[in-house]
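Residue-level listing of the chains:
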Amino acid sequence: MSEQKIAPGLLLAMPQLQDPNFQRSVVLMVQHDSEMSLGLILNRPSETTVTEILGAMGIPWRGDTDDLVWEGGPVMPETGWLLHTRSKNVPPGDGTLELLAGISLTTSPENLQFLAQQPPAHVRFLMGYAGWGAGQLSAELVEGAWLAIKATRELIFETEPDVMWESALASIGVDPGSLFPGQGVH
């Protein structure tokens, strides 16, 4: 996958990536350029509910009371992100960015409050993010620590977190059992 297509897209952690923050992680890339890279880990549900987090902020959650907060990454775990299918009532811009066709990311408190009242069909509230400095992710890609693939709504919202990594690999014809730590491309 070319540099220009890493974001938006998915990164799959390869077996040689030993950082416990990223083992077997599936990361939705939001930004990747010469300055920095930013993504959200999609397959790490926490035990905290969205109702608890938003309730502490004085925002009532009208979605499923069992909706969990997801661990988006180790950087700034106190920051919140709302990944969701398109909502006709929240315009792109002003804190809501359409990442992929029909999939948006909301960061503004105003849009979050609105979406909490009328949650879209698919929604994922994430805390924290994965971040890389200038050139860091590119170097990790060359080392073979990550595999970049196309993001789909099915993988993001309709795949159970405990099988998301395997399902993402299978979606491109890779048998997870055939992977072993390697040196990457030099």
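Please refer to the structure placed before this passage.
Bear in mind the structure is a predicted one, so any value in this text is a computation, not a measurement.

## Concerning the packing of aromatic side chains
Now for step 1: For the coordinates displayed, the defined rule picks out four aromatic pairs.
Now for step 2: Ring centres 5.5 Å apart and planes at 75 degrees place the aromatic pair Phe22 and Trp146 in the edge-to-face group. Here Phe22, found in the loop between β1 (9–13) and β2 (26–32), pairs with Trp146, found in strand β10 (residues 146–149); they are 124 residues apart in sequence, far enough to count as distant. For the residue pair Phe22 and Trp146, the accessibility class agrees, reading buried in each case.
Now for step 3: Relative to Tyr129, the ring of Trp81 lies with its centre 5.8 Å away and its plane at 75 degrees, an arrangement referred to as edge-to-face. In this pair, Trp81 sits in strand β6 (residues 75–85) while Tyr129 sits in strand β9 (residues 123–132), placing the two residues 48 residues apart along the sequence.
Now for step 4: Under the relative-accessibility criterion, Trp81 is labelled buried at 13%.
Now for step 5: Judged by its relative accessible area of 15%, Tyr129 falls in the buried class.

## Considerations on the nonpolar core
Now for step 1: Formed by 27 residues in total, the largest nonpolar core has its most connected members in Leu10, Leu12, Leu28, Leu42, Leu83 and Ile156.
Now for step 2: At four residues, the largest contribution of residues to this core is made by helix α5 (residues 164–170).
Now for step 3: The residues contacting Leu42, other than those within four sequence positions of it, are Leu10, Val26, Leu28, Trp70, Leu83, Arg124, Ile156 and Met164.
Now for step 4: Grouped together as the second largest cluster of nonpolar side chains are 16 residues, Ile6, Leu17, Trp132 and Ala148 included.

## Quick notes on the layout of surface pockets
Think of a ball as big as a water molecule: rolled over the atoms, this probe shows where empty space is left.
Now for step 1: The volume enclosed by the largest pocket comes to roughly 330 Å³.
Now for step 2: Forming the boundary of the largest pocket are 19 residues, of which Asp67, Trp70, Val123, Arg124 and Phe157 lie nearest the centre.
Now for step 3: Among the elements that make up the lining of the largest pocket, the one with the highest residue count is β9 (three residues).
Now for step 4: Of the residues contributing to the lining of the largest pocket, the split by class is twelve nonpolar, two polar and five charged.

Calculation criteria
- Residues numbered from 1 in each chain as written.
- Predicted model: local features only at pLDDT ≥ 70, side-chain atom pairs only at ≥ 80, totals over all residues.
- Heavy atoms only, no water.
- Phe/Tyr/Trp six-rings, centres within 6.5 Å; stacked < 30°, edge-to-face > 60°.
- Helix = DSSP H or I, 4+ residues; strand = E, 2+ residues; numbered from the N terminus.
- Buried < 20%, exposed > 50% of the residue type's maximum accessible area, 1.4 Å probe, protein only.
- Core = buried A, V, L, I, M, F, W, Y, C linked by side-chain atoms within 4.5 Å.
- Contact = heavy atoms within 4.5 Å.
- 1 Å grid on protein atoms, 1.4 Å probe; cavity = no way out; pocket = protein on both sides within 12 Å on 5 of 7 lines; lining within 4 Å.
- Points joined across faces, edges and corners; volume = space filled by probe spheres on them.
- Nonpolar A, V, L, I, M, F, W, Y, C, P; charged D, E, K, R; others polar.

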